[in-house]
Amino acid sequence: MCAVKIIRGGSGLGDSLYVRPVAEHYVRIGHTVTVKSDYPEVFAGARVKVEPFTRQGTNVLAHYSSRKKYAETNQWQDVCINSGAGNLPLKIDWQIRNRALINEVKALANHRPIVMVNGGRPPMGRTDGYGNEMLPSRAAFEQVIAGLTGCFVVEVGKGSEVYPLSADLDLSGKTTPADLLDLASVARGLVGQCSFMIPLAEALDKPLMVVWASAGLKSGIEFIRLCAPKKILSKPSSQWVMDDAAPEVFEAAMRTFRAALEI
């Protein structure tokens, strides 16, 4: 029997979404795996043991932060390198858990394509103002949402809102992590700020539009400044638009995104 792998990423939901493919890789090659995460639902069906998050007592680091300055790799590649797992696909095979929720949302959508949206919230869930430059403008978000005519827009997320967003259905604070995976698995695409929405969309191979705050790329804090699209995004299905983009740039980005949504 191979040695036990005790794996952690960062402490957030998005971090756990990155950890799951790494954990499953080690299970496939014969290891017994324990994951340190406060989001055990993310690992449903993964044949791993999940314990509360801690930075101590682990022997596999499936995280990216130590490689933030490496411009030649993206965030997922950094997870793979740090974890020693090799060149893994960012992929989660997910089975719907809350069928009642999905049936309700589909009924309300009435055959319209479902698009999940998360935005207007403090970056990284911080309450101390750290990283506020990463919050894109409300006007930019609303411009993207306005471009989703014919879609059924579902807002998700938790915690305080800096500003509200327009949506056909507001599920803010009403979903579990498993619910988010359920909804994303049936959504035509996702829209978000830089957040857990990125690994959620990429792990399920869903078209993604990220509204990026230009102020963050000019931050005096290096970590914030390095949170750039080229570093964070890892799949061709992930697109982005700056919140101060010229109208013609915005329009072109939305044409491309709508084409990816097949609407």
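Residues numbered from 1 in each chain as written. Predicted model: local features only at pLDDT ≥ 70, side-chain atom pairs only at ≥ 80, totals over all residues. Heavy atoms only, no water.

Chemist: Hey, could you run me through the overall build of the protein in this one?
Modeler: Broken down by element type, the protein carries nine helices and 10 strands. The C-alpha atoms of the protein give a radius of gyration of 18 Å, which matches the 18 Å a tight globule of 263 residues would have. Taking all 263 residues of the protein together, 54% fall into the buried category. Residue pairs in contact within the protein that sit at least 24 positions apart in sequence constitute 67% of those at least 6 positions apart. (Helix = DSSP H or I, 4+ residues; strand = E, 2+ residues; numbered from the N terminus. Rg over C-alpha atoms; globule rule 2.2 N^0.38 Å. Buried < 20%, exposed > 50% of the residue type's maximum accessible area, 1.4 Å probe, protein only. Contact = heavy atoms within 4.5 Å.)

Chemist: Hey, could you run me through the pattern of salt bridges in this one?
Modeler: Side chains bearing opposite charge may pair, as long as their charged atoms lie close to each other. Within the structure shown, the criterion is met by 12 salt bridges. In the salt-bridge network here, residues are joined through shared partners; they are Lys91, Asp93, Asp205 and Lys235. (Salt bridge = Lys/Arg side-chain N within 4 Å of Asp/Glu carboxyl O.)

Chemist: Teacher, can you tell me more about a nonpolar patch on the surface here?
Modeler: A cluster of nonpolar side chains, namely Met124, Ile221 and Phe223, defines an oily patch on the protein surface of about 230 Å² accessible area. Its location among the elements puts Met124 in the loop between strand E5 (114-118) and helix H4 (138-146). (Patch = residues over 30% accessible without salt bridge, like charges linked within 9 Å, V, L, I, M, F, W, Y side chains within 5 Å. Areas by Shrake-Rupley, 256 points an atom, 1.4 Å probe, with all protein chains shown as cover.)

Chemist: Quick question: what am I supposed to make of the side chain of Asp78 here?
Modeler: Among the structural elements, Asp78 can be located in helix H2 (residues 75-83). Assessed through its relative accessible area of 0%, Asp78 is described here as buried.

Such coordinate-based values are descriptive only and should not be taken to indicate function.
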